[in-house]
Structure formats: C-alpha cells, structure tokens
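# Coordinate inspection notes
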Amino acid sequence: DANGLFPDIEAAIEFFRESIIYHKEGGRRTASGGGGAVIHPKPGQNQEYDSVQQQIQEIQQQMNQLLVKYQKYFNDTSIEYNQSSGNELTIEVSKKTLEAPRNANRLTDEFEEVKSLKNSHRLVTKEIRALVALRTEQEEREKLILQDFRKSLFTMFDERYLSCWIPCVQAIAELDCLFSLSLTT
C-alpha cells in the first residue's frame, strides 16, 4: 500500500506481461542458439522484430512452393527437404522416382547431387541455395534484434532495481524470516 514497506510492482509486472513472450525452446528454430528458454517481444511490441518474422514466414512459404514445384516436376509427392549435418538444405528424391521412365531426362544441370544414398539422392539447386541464404540472413538479423530487445529489457529492469525490486525482495525475505521464526518458537 502507499504507507507500507512493500513497493507497488504491479505496473512493472504488467509491462513485462504485455511486452514479452517467454517459452521453452523446442519446435521452431530459435535465435538464442542454446538450451533453456526464449524471450521475445509480443506481436506489435517491436516493429523490427515483427518485420523480420514476416520476412522469414514469406521465405518459408517460397520454400514450400519450391518443394511443391519439384514434387510436380518429378511427379512424386514424397520428395521432402533434408537438412544434412553440414547444414545444407537439399531435396531428397528416391532412386525409384529418378529411374522412372517419365523422369529419364529430368535430372538436368539445374540439379546438383550432394549425396547419393542407398535408396535416394540428395539434390540442391541454385533456387534452394538462394532461399536458404535469404533465410539465414533474416535469422541473423533476428538474433541481433533479439539481443537489442533483451538488452533494453535488462536496462528497464535495472532502472527500477533500487526503487522497486530490491525493496520487494527485502520485504519478502523479512516475511520469510518472520514465518520461520514463528514456526520454531
């Protein structure tokens, strides 16, 4: 309250609640590169982040359209992207598909064979490489934007450290001590 020792932290907590999304890593690739959790701005809170997210989505849509194009070209819907250990994105086409009579002359110079496996070939094209380069560029931009965003969050937290957070922690610590003493006496 206004006359008590416990600071009013509702506005600070509400700011963080309205500004960020916090989740465990998993699913989609993350910008942090390590284990743990990810903090990123909610949609509408950071225009630069929203823009890069939109561009990554557009590139992913182009990649999906390109995959459909290759599936139609080889008349095989089982063709999928494959991310190899060298981080090169390829399409994986079964040997059966490439050996089919209708595909006899379809493996042109446009397709570069990266790896030949027992039952399939991994191929890459200039289009795939160009889209991967664009996506990588946007993901690097995303990392920089998130670093700046996190830095600004820490700065805002630090600005309220002495006036808000320290008194809050001290008040909780004192309450904890009083409860502990009351249990032992």
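Note that the structure is predicted; figures quoted are calculated from it, not measured. (Residues numbered from 1 in each chain as written. Predicted model: local features only at pLDDT ≥ 70, side-chain atom pairs only at ≥ 80, totals over all residues. Heavy atoms only, no water.)

Moving on: the packing of aromatic side chains. Here the structure, examined in full by the defined rule, presents six aromatic pairs. Residues Phe-15 and Phe-16 carry aromatic rings whose centres are separated by 5.3 Å and whose planes lie at 75° to one another, so their mutual orientation is edge-to-face. You can call Phe-15 partly exposed: its relative accessible area is 26%. Every member of this aromatic cluster is reached through a ring pair, and the members are Tyr-70, Tyr-73, Phe-74 and Phe-111. Lying over the aromatic face of Tyr-73, Arg-106 brings its terminal NZ or CZ to 4.9 Å of the ring centre. (Phe/Tyr/Trp six-rings, centres within 6.5 Å; stacked < 30°, edge-to-face > 60°. Buried < 20%, exposed > 50% of the residue type's maximum accessible area, 1.4 Å probe, protein only. Lys NZ or Arg CZ within 6 Å of the ring centre and 35° of its normal.)

What follows deals with the confidence of the model for the protein. Averaged over all residues, the pLDDT of the protein equals 85, while 90% of them reach at least 70. Within the protein, strand 1 (residues 20-24) has the poorest average pLDDT of any element, 77, and helix 2 (residues 47-73) the best, 96. (pLDDT = per-residue confidence, 0-100. Helix = DSSP H or I, 4+ residues; strand = E, 2+ residues; numbered from the N terminus.)

Viewed as axis vectors pointing N to C, helix 1 (residues 10-19) and helix 4 (residues 126-159) meet at an angle of 170°, and their least axial separation amounts to 12 Å. Comparing their axes, helix 4 and helix 1 come out roughly antiparallel. On helix 4, the residues that touch Phe-15, Phe-16 and Ser-19 of helix 1 are Phe-149, Leu-153, Met-156 and Phe-157. Looking at the contact of helix 1 with helix 4, its residues break down into six nonpolar, one polar and no charged. (Axes fitted to C-alpha atoms, helices over the stretch in contact; angles between N-to-C directions. Parallel < 35°, antiparallel > 145°, perpendicular 65-115°, else oblique. Contact = heavy atoms within 4.5 Å. Nonpolar A, V, L, I, M, F, W, Y, C, P; charged D, E, K, R; others polar.)

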